[in-house]
Amino acid sequence: MSELEGWVEACGVDDIDEEDVIRFNYGDRSFAIYRTEDSEYYATDGFCTHERVHLAEGLVMGHIIECPKHNGRFDYTTGKAMKKPVCIDIKTYPVKTKAGKVFIQMD
Amino acid sequence: MAPIIEGRSNEREGIVISETAYVKRNYSLTGPENQRAQDRGIASAEWYATPIPRKRMKELMQRRNLPAIRDTLLWFALMIGSGILAYYAWGTWWAIPAFLLYGILYSSPADSRWHECGHGTAFKTSWMNEVVYQMASFMSLRPATPWRWSHARHHTDTIIVGRDPEIAQPRPPIWRIILMDFLRLYAGPRDIKRMFLHSFGIIDKEEKDYIPPSEFRKTFWESRFYLLIFAGVVFACIYTVSILPAMFVILPSFYGAFLLLVFGMTQHLGLKEDVLDHRLNTRTVYMNPIFRYLYWNMNYHVEHHMFPMVPYHALPALHEEMKRDCPPARRSLWEAYKEVISALLKQGKDPSYTIVKPLPATAQPYNYGPTITGDNRRVQ
Ligand code: FES
C-alpha cells in the first residue's frame, strides 16, 4: 500500500465487481469502496450512520447502497441518506484511479 | 431445579450450566434490563451470520418487481372477491364463513406485506414498497412510523430482554394475552391507545426508547390521519345504521387476526433470549404454499433475520444455502406448534426452560454471546 500526496491506495480496480462494494480498512478506520456499473469508483465511511454495521455487506443498486442490517439506504455518490432508519448522511471521500489502482483521499 | 437444555450438544460446545434459580425478568424497555443488556454488551451487538460467498449473496439479494406485483394483485382480487361474497351473505348465516374468509385475506397478508414492504425488499421500485407499506400498516393497525422503528429495533436486538419491543411473550408466558390476541384484543387496543396519545402529541416512554425525536411529528400526523379514517368508518356505520362498513375496514384487523398469530407464534417462542445468534432464538418452519403465500415466506424466519436484505421470494433459495449451518427446520406448522406449546407449558413451571436444537456436523458452533446461556442462569 503506498501513500502519495494524501491519497491512499485502497485496492486494484478489478478487486471490486461492477455494481458492488468492498471493505477497506486503514489504520483504525474503515471505508466502503464502490464501483458502479460504468466502472466509476466512490468511497464512503464504512459503517452505517444508523448503527455500527459495515456497508460492504450491503447491496449496491445503481448509485444506492442498502445497509445489510435494517435496509437503510444512502446515495453513495453524495452520501445522502435516502431511506429510514438511516437519517444522517454518510461521509464521502474523493476517489481516483491510476495504473489499475483505486486511491482514496482521506482527511 | 435441573437445568433443561433440550437437545443441546454439550460435548460440542463444552458448556456447563449451573443450577441457580431463574430470576423473573422485566421485559419493559424502560426497566433495568435495558441498561443491563447494554452493560453486558448484547445491545446493538454483532450477530453471527452464516458464511455465504459474496457472489451468491448478491444473487439472493437481487430485487424484482414481478413477484410482488403478481402477489399484490392476487391479494386485492381475493379480498374483493371474498368481500363481494361477504356483502351478499350479510344477514344470513353464510356471512360468518364469508367474513371469516375476508378477514383472513385482509389481515394475514396485511401483516406480511407490512413486514416485507417495511424492509423495502418486496418490490424493486421503492415507491411501490412505500405505497403497500402505508396501506398494510393501516390494515394491520400498526402506524407506519412507530412500527418502522420498533421493527428496526427488533432486528438490532432480537429477543434481547429490555431492548426488543417485539418479544411476543415473557417467561413464564401470559396465556391470557396469547388467547386475547387470537382476536387481537390485547395488541389492538394497545396500538389504538397509542394512536390517541400520538394524536395529542404524546409518545409513551417505551416508544421513546426506539423512535428518534426527528420522527415524532410524522408519528403524530399519521395517527391523526388513522383516527380520521376511524371516524369516517364510525360515521358510515351510524349513517347506514349497520356495522357492515366496519366489517370491511378496521374490524377485520381483529376478527381476521388469528392466522397471523398462529404464524407469528412460531417465530421465536420457546427459544433463547439474550443470545447473538438467530439460529438460537428464531425458528424456520416448512409451510404449505397457501400459508407461504399469505405469510410471504416469513416461515423462513432464521434466514430472514440473519439476512434481512434478501427479499421474500428468494428466502427458499437462501434456506438451501444455509441449511448446512442451521438446526433442522420444523417440518410443518403442526410440528412447530407441538414444540412451541410444549415449551410454553414448561416455561409456565420453569421459566428457564428453552429449546436448543442440535446443529448439523457441518455447522459453525452457536454464538451464545457474552453470557453463553442466554438466560438468567450462571455459567461455570
Ligand atoms: S445499521 Fe444501517 S440501516 Fe440500520
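Under the annotation held in an unreviewed UniProt entry, chain B carries the name Fatty acid desaturase family protein and is attributed to Cohnella silvisoli.

As recorded in an unreviewed UniProt entry, chain A goes by MocE family 2Fe-2S type ferredoxin and comes from Cohnella silvisoli. Entered under Cofactor (unreviewed entry) in the UniProt record, the comment concerning chain A runs "[2Fe-2S] cluster". On record in UniProt, under Sequence similarities (unreviewed entry), the comment for chain A is "Belongs to the bacterial ring-hydroxylating dioxygenase ferredoxin component family."

## Some details on the layout of surface pockets
The calculated volume of the second largest pocket comes to roughly 730 Å³. Taken together, 28 residues line the second largest pocket, and the ones lying closest to its centre are V53, E57 and P68 of chain A together with E46 and W47 of chain B. Listed by contribution, the elements that provide at least two residues to the lining of the second largest pocket are helix 3 (54-61) and helix 17 (301-306) of chain B. The class makeup of the residues in the lining of the second largest pocket is 15 nonpolar, six polar and seven charged.

## Quick notes on the confidence of the model for chain B
All names here are of chain B. Looking at chain B as a whole, its pLDDT mean stands at 92, while 92% of the residues score no less than 70. Across residues 1-20, confidence stays below pLDDT 50; counting only partners more than four residues off in sequence or on other chains, it has 53 contacts. This prediction of the complex comes with two scores: 0.92 for pTM and 0.92 for ipTM.

## Focus: the pattern of salt bridges
Residues and elements named next belong to chain B. The full count for this structure, using the stated rule, is 37 salt bridges over all chains. With its nearest N and O atoms 3.3 Å apart, the salt bridge here joins D325 to R279. With a gap of 46 residues between them, D325 in the loop between helix 18 (315-322) and helix 19 (333-349) and R279 in helix 15 (residues 278-281) connect regions that are remote in the sequence. According to the relative accessible area criterion, D325 is buried, its value standing at 1%. Residues joined by salt bridges that share partners form a network here, namely R25, E33, R36, R40, R171, E273 and D274.

## Examining helix 11 (residues 216-240) of chain B
Residues and elements named next belong to chain B. Look at helix 11: 36 Å from first C-alpha to last across 25 residues, which is about the 36 Å you get at 1.5 Å a residue. F216, T219, F220, E222, S223, Y226, L227, F230, V233 and C237 are the residues of helix 11 that are buried. Just beyond helix 11, the residue with positive phi is V241, at close to 50°.

## A short note on the state of the cysteines
Applying the stated rule across the entire model yields zero disulfides over all chains. For C117 of chain B, which is in no disulfide, the shortest distance to another cysteine sulfur is to C67 of chain A and amounts to 19 Å.

## Some thoughts on the sheet that holds strand 10 (residues 92-93) of chain A
Residues and elements named next belong to chain A. Read across the open sheet, the four strands follow the order 3-4-5-10; overall the sheet is antiparallel. Single-partner strands in this sheet number two, and they are strand 3 (20-26) and strand 10. Summarising the sheet, strand 5 (residues 41-45) and strand 10 pair through two bridges and their orientation is antiparallel. In the strand pairing of strand 10, A43 is matched with Y93.

## What to know about the UniProt feature "domain: Rieske" (unreviewed entry) in chain A
When the UniProt feature table is mapped onto this chain numbering, "domain: Rieske" (unreviewed entry) sits at residues 8-104 of chain A. The span residues 8-104 of chain A is 0% helix and 48% strand, and its two end C-alpha atoms sit 5 Å from each other.

## So, the packing of aromatic side chains
This model, assessed by the stated rule, comprises 22 aromatic pairs over all chains. Between F263 of chain B and F291 of chain B, the aromatic rings sit 5.2 Å apart at their centres with planes inclined by 65°, giving edge-to-face as the arrangement. Taken as a pair, F263 of chain B in helix 14 (residues 258-268) and F291 of chain B in helix 16 (residues 289-295) lie far apart in primary sequence, 28 residues in all. For F263 of chain B, a relative accessible area of 1% translates into the label buried. Chaining the aromatic ring pairs together yields one cluster made of W90, F99, Y102, Y106, F248 and Y255 of chain B. Against the face of Y93 of chain A rests K91 of chain A, its NZ or CZ located 5.0 Å from the ring centre. Between R113 of chain B and the ring centre of Y293 of chain B, over which it is positioned, the NZ or CZ distance is 4.9 Å.

What counts as what
Residues numbered from 1 in each chain as written. Chains lettered and ligands numbered in written order. Predicted model: local features only at pLDDT ≥ 70, side-chain atom pairs only at ≥ 80, totals over all residues. Heavy atoms only, no water. UniProt positions renumbered as here; feature names shortened; annotations may be inferred. 1 Å grid on protein atoms, 1.4 Å probe; cavity = no way out; pocket = protein on both sides within 12 Å on 5 of 7 lines; lining within 4 Å. Points joined across faces, edges and corners; volume = space filled by probe spheres on them. Helix = DSSP H or I, 4+ residues; strand = E, 2+ residues; numbered from the N terminus. Nonpolar A, V, L, I, M, F, W, Y, C, P; charged D, E, K, R; others polar. pLDDT = per-residue confidence, 0-100. Contact = heavy atoms within 4.5 Å. Salt bridge = Lys/Arg side-chain N within 4 Å of Asp/Glu carboxyl O. Buried < 20%, exposed > 50% of the residue type's maximum accessible area, 1.4 Å probe, protein only. Expected span 1.5 Å × (residues − 1). Disulfide = S-S within 2.5 Å. Pairing = 2+ DSSP bridges. Phe/Tyr/Trp six-rings, centres within 6.5 Å; stacked < 30°, edge-to-face > 60°. Lys NZ or Arg CZ within 6 Å of the ring centre and 35° of its normal.

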